[in-house]
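Here's the letter readout for the chains.
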Amino acid sequence: MANQYFALNSLAGCFRSSSAVVETTTAGRFDSAYASNAILVPTGSDFAQVKGTFLDGSTSLSALFYLRFDANCSAFNSSAMVFMLNGGANAYRLLTTSGIQVQYWNSGTSAWVNWGSAFSPPTGLNTFVLKLTPNVGFELYQAGTLRASSAVVPTNGAAAVDEFRFQCGNNSSNYYYSQIMCADYDIRDSHYMPELANGEGTYNTDGTGAYTDINEAVLNDSNAVSLTASGQHRSFTKASITVPVGQQITGMVVNARGRIGGTVTDGKILCKQGANDTVSAGKSYNTGYEPRWHFFATDPTSGSPFTQTNYNSAEFGIQAA
Amino acid sequence: VALVFGGVGTRAQSAGAATIAPAKPAVDSIGGVLLAVVWSKNNAVHSCSTADWANLDQKNSGASFTASLWIAAEGAAAPTFTWTGSVACGAQLSYYEDPQNPLDTSIAAIGGTTGSANPHTSSSITSTRDGSLAVYVDAAAANTAIATPAGWTENLDNGSATDATRNAFGSKLFGASGSTSGAISITGAAAAWVQWQLEIRRTAAPGFQVSKEEMGAWLDAPRALSFSKVEVGAWLDAGALQFSKIEVGAWLDASGSVDNPGFCSIIW
C-alpha cells in the first residue's frame, strides 16, 4: 500500500521557528505551474522543521522513503540543506559545503561520514528527490537524473528518521523550499499544489477571526481563528486548480498550525464538499502552536477519489474537538 | 521548546540627565516582549511618551533612588524615558521570546521590594499560566556586583561608574500554572536598591486556535500502466510448406545406347 507521509509548502506545515522563517511570492523561486510561494530560510541557523505524526499515522520512517522538494538557491557553500534526525540525534544530511554530499552520522565515532559521491547541481531552482532506506542505502536525483547513490551499509547509522529540517545551505543568501513531499513510493514525478484560504467557507458562523488571520505570508501567530466550544467549526474557500496533464489528484492535504486552551481539549481538521464534510480524529494539539497534517483521500460527497471538479468545490477547515 | 530570555540592549547611563533612551535589542519578530528597567538618583516620576510602552511599576528606595519597570511588545520602538531634574541615571532593555507562542504584555504576577542594605531580596510569585518564565530585575544605586540566586539563571549583571549604579536580569522556567518562583535573597550593593519578580507568560488560547492553514492537492502521475498510442496488427509468419502451383512432367533424356536401334546414327 502506498503511504503519503507529508506535503507542505508554507509555514502552516512547519513548527513555529525561533527566528525569521517567512514566505515569499517572488517568481522563479518555485515552480509556478504548481505553487505560488515558497518557504524562505535565511542564512544562519534557522530551519523549517517538519516532525510529528505523519499523514499515515506513523511518527518515524524506518523503511524506504522518497523525499521530494524544490529548492532555490544561489550557492551550495555552507552547512547542510536538508538535515534528518532520529530522536533528536543526527541521522542523515545533504551537506552543502561544496556541491551536495549525502552523509550519514556514525554514532559510534560521533562523526559525519560521506555516503556515496558528491555532485554539483546548478544553482537556481532544482527538484531533488532523495530515495533513502535508513541504514541501507540511498539514491539522490536532481532534475530527474540520478546524481549520487550508495548501497554501502552505514557503520552505526540511524535506523530511522523522524524529523526533517530544511536549512540554508548558503552563507550569503536565502534558500527557498517548495513542494516538500515525502512518501513510501516513487514520487519522482509527483507534485504538490498548495493553496491558502481566499475567503470564508460555508461554515462561517462559529468562533472568531477571519480567513485573513490564517493565510498571512509572514510569520504571524498573534492573530488566529479561534473556536471556543467543542463542536464549533469553520471552513474556508480557496482558488481552483487545473491539474496539469499527466497528473492526477491522489488526495487533499490540509496543514494547520494550531494550539488549544480554555475548555477545548483538542482540534480536528475538516474537508467540506457540497453538503457533506469529513472530519479527522483529534490531532493531539498542545498549548503551543504546532503543525498538524491530514490527508483526505476521498471527497466527502462521493466517497471516491477527488475529481478536479469536486476538489475545486471543496472547502477546508478546522473543528474544535 | 520553551519561553526564553532572548538578549539585552546596550545599557544606557548618564552622570546627569532628565531623559534616557536605552537601545533596543535584536528581536526575532515572533511575538516576544521587551522589558525596560529605568533608574534615576532622585524620586521623580518616570514617564514614557513612546507608543506601546506600558508602566508596570515604579518604586522609590530611600529619598534619592527610584526605579521603574516597563513592558512592550517586541515591535515597539526603542523608548525614551523622562523625568524632572537632571541626575545620574540609566536604563536597559531585555527581550523574551517563545518559539511556539506569542507572549502577553499584560503581567498578572509582579512583586517588588526595596531596601538599602545587603542582601537584596524579593518575595516569591505564583504563575498564572503553564510554561511561564519567572524573571527578576534588580537595580541598585552603587556599582557592586549582584549575585545569582540559587536555581536561577543570571542573564546579565552590569554596571557603570558613569552613573554609579548596577542592574541585573535573571530568569527561570515556571512549571505548570500555580507554580511558585521562590523568594530571592542575594548579595548586592549596600546601597538603595529595587528588586522585582514578575511572570512573563504566553498569550492564552481561548479554545482551539489556528494561526496558519493551507491545503494542497497531492498529485501523482497515474500509477496504472498507461499508453499514449496503441495499434493492433497480425503478425504473419510463413506457415507450413505451401505451393501455389504444382506441375508434374516427365524428364526425358536422349537415349545413348548403340544398341538402341531407335536412333539412326551416333558418332562418338
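Please read all numbers here as calculations on a predicted model, not as lab measurements.

### A short note on the interface of chain B and chain A
Consideration 1: Each partner contributes to the interface: chain B provides 32 residues, whereas chain A provides 81 residues.
Consideration 2: Both faces considered, chain B and chain A share a buried interface measuring about 4,400 Å² in area, 51% of it formed by carbon and sulfur atoms.
Consideration 3: Across the contact surface, chain B and chain A share zero salt bridges.
Consideration 4: For the pair chain B and chain A, the interface holds 31 residue pairs in polar contact (both at pLDDT 80 or more).
Consideration 5: It is strand β15 (residues 208-220) of chain B that contributes the most residues to the side of chain B that touches chain A, 13 residues altogether.
Consideration 6: Residue composition of the side of chain B that touches chain A, grouped by class: 14 nonpolar, nine polar and nine charged.
Consideration 7: Inspection of the sheet shows strand β15 (residues 191-196) of chain A paired to β15(B) by six bridges, in the antiparallel sense. Its bridge partner being in β15(B), A:Tyr192 is matched across the sheet by B:Trp218.

### Structural notes on the pattern of salt bridges
Consideration 1: Counting across every chain of the model gives twelve salt bridges over all chains.
Consideration 2: A:Arg68 is paired through a salt bridge with A:Asp70; the nearest N and O atoms lie 3.0 Å apart. Take A:Arg68 and A:Asp70: they sit in the same class, and that class is buried.
Consideration 3: The partner of B:Asp104 in a salt bridge is B:Arg129, and the shortest N-O contact between them spans 2.7 Å. Here B:Asp104 is found in the loop between β7 (81-97) and β8 (110-115), whereas its partner B:Arg129 is found in the loop between β9 (120-122) and β10 (133-140), with 25 residues between them in sequence.
Consideration 4: For B:Asp104, a relative accessible area of 13% gives the class buried.
Consideration 5: Beyond isolated ion pairs, a larger network of salt bridges with shared partners links B:Asp104, B:Arg129 and B:Arg201.

### Notes on the environment of A:Arg234
Residues and elements named next belong to chain A.
Consideration 1: Of note, Arg234 is situated in strand β18 (residues 233-237).
Consideration 2: Given a relative accessible area of 3%, Arg234 falls into the buried group.
Consideration 3: Residues Arg234 and Ala48 lie 186 residues apart in sequence; the distance between their C-alpha atoms is 27 Å.
Consideration 4: One polar contact links the side chain of Arg234 to the main-chain carbonyl oxygen of Asp206, over a distance of 3.1 Å.
Consideration 5: Side-chain polar atoms of Arg234 contact the backbone oxygen of Gly209, separated by 3.0 Å.

### Some words on the sheet that holds strand β8 (residues 101-106) of chain A
Residues and elements named next belong to chain A.
Consideration 1: Strand order in the open sheet formed by six strands is β4-β13-β6-β7-β8-β9, with antiparallel pairing between adjacent strands. In this open sheet, the two strands that pair with only one neighbour each are β4 (47-51) and β9 (111-114). When the angles between neighbouring strand axes are averaged without regard to direction, this sheet yields 20°.
Consideration 2: Both strand β6 (residues 80-86) and strand β13 (residues 163-167) contribute to a ladder of four bridges, which runs antiparallel. If you follow Leu85 over to β13, its bridge partner there is Glu163.

### With respect to the pairing of β6(A)
Residues and elements named next belong to chain A.
Consideration 1: Across the seven residues of β6, six count as buried, placing the element largely inside the fold.
Consideration 2: Sheet topology note: the β6/strand β7 (residues 89-95) ladder contains six bridges and is antiparallel. Bridge pairing in β7 places Asn86 opposite Ala89.
Consideration 3: Between β6 and β7, which pair antiparallel and follow one another directly, the connecting turn spans two residues, one of which, Gly87, has a positive phi of 60°.

### Overview of the sheet that holds strand β11 (residues 153-160) of chain B
Residue and element names in this part refer to chain B.
Consideration 1: With antiparallel pairing, five strands are arranged side by side in an open sheet as β8-β14-β10-β12-β11. The two strands at the open ends of the sheet, each matched to only one other strand, are β8 and β11. Across the sheet, the mean angle separating the axes of adjacent strands is 10° when strand polarity is ignored.

### Focus on the layout of surface pockets
Over the atoms rolls a probe the size of a water molecule, and in doing so it shows where empty space is left.
Residue and element names in this part refer to chain A.
Consideration 1: Of the voids in this model, the largest pocket is the one considered here, and its volume is about 240 Å³.
Consideration 2: Ser36, Asn37, Pro194, Glu195 and Leu196 are the residues nearest the centre of the largest pocket, which is lined by 16 residues in total.
Consideration 3: A total of four residues in the lining of the largest pocket trace back to one element, the largest contributor, which is β15.
Consideration 4: Taken together, the residues that form the lining of the largest pocket break down as seven nonpolar, six polar and three charged.

### Here we look at the state of the cysteines
Consideration 1: One pass over the structure, following the stated rule, counts zero disulfides over all chains.
Consideration 2: Between A:Cys182, a free cysteine, and A:Cys14, which holds the nearest cysteine sulfur, the sulfur-to-sulfur gap is 14 Å.

### Quick word on the nonpolar core
When a protein is soluble and globular, its nonpolar side chains tend to lie buried together.
Consideration 1: Membership of the largest hydrophobic core comes to 57 residues, with the highest contact counts inside it found for A:Phe6, A:Leu67, A:Phe69, A:Met81 and A:Phe164.
Consideration 2: Those residues in contact with A:Leu67 that sit more than four places away from it in its chain are A:Phe6, A:Val82, A:Phe128, A:Val129, A:Leu130, A:Phe164, A:Phe166, A:Ile180, A:Met181 and A:Cys182.
Consideration 3: One finds A:Phe236, A:Tyr285, A:Ile318 and B:Met215 within the second-largest nonpolar core, a separate group that totals 30 residues.

### Focus: the pairing of strand β5 (residues 54-60) of chain B
Residues and elements named next belong to chain B.
Consideration 1: When β5 meets strand β6 (residues 66-73), the two strands line up antiparallel, connected through six bridges. Residue pairing for β6: Asp57 is matched across the bridge by Leu69.
Consideration 2: Linkage of β5 to β6, two consecutive antiparallel strands, is achieved through a turn of five residues, within which Gly62 is found at a positive phi near 75°.

### Some words on the packing of aromatic side chains
Consideration 1: The final tally for this structure, using the stated rule, is 25 aromatic pairs over all chains.
Consideration 2: Seen in terms of ring centroids, A:Trp115 and A:Phe138 are 5.1 Å apart; in terms of plane orientation they differ by 50°. Their pairing is tilted. Pair noted here: A:Trp115 is in the loop between β9 and β10 (124-133) and A:Phe138 is in strand β11 (residues 137-142), with a separation of 23 residues, a long-range link.
Consideration 3: Aromatic pair B:Trp70 and B:Phe81: ring centres 5.1 Å apart, planes at 50°, arrangement tilted.

What counts as what
- Residues numbered from 1 in each chain as written.
- Chains lettered and ligands numbered in written order.
- Predicted model: local features only at pLDDT ≥ 70, side-chain atom pairs only at ≥ 80, totals over all residues.
- Heavy atoms only, no water.
- Contact = heavy atoms within 4.5 Å.
- Buried area = accessible area lost by both parts, 1.4 Å probe.
- Salt bridge = Lys/Arg side-chain N within 4 Å of Asp/Glu carboxyl O.
- Polar contact = N/O pair within 3.5 Å; in protein donor to acceptor, adjacent residues only side chain to side chain.
- Helix = DSSP H or I, 4+ residues; strand = E, 2+ residues; numbered from the N terminus.
- Nonpolar A, V, L, I, M, F, W, Y, C, P; charged D, E, K, R; others polar.
- Pairing = 2+ DSSP bridges.
- Buried < 20%, exposed > 50% of the residue type's maximum accessible area, 1.4 Å probe, protein only.
- Axes fitted to C-alpha atoms, helices over the stretch in contact; angles between N-to-C directions.
- 1 Å grid on protein atoms, 1.4 Å probe; cavity = no way out; pocket = protein on both sides within 12 Å on 5 of 7 lines; lining within 4 Å.
- Points joined across faces, edges and corners; volume = space filled by probe spheres on them.
- Disulfide = S-S within 2.5 Å.
- Core = buried A, V, L, I, M, F, W, Y, C linked by side-chain atoms within 4.5 Å.
- Phe/Tyr/Trp six-rings, centres within 6.5 Å; stacked < 30°, edge-to-face > 60°.

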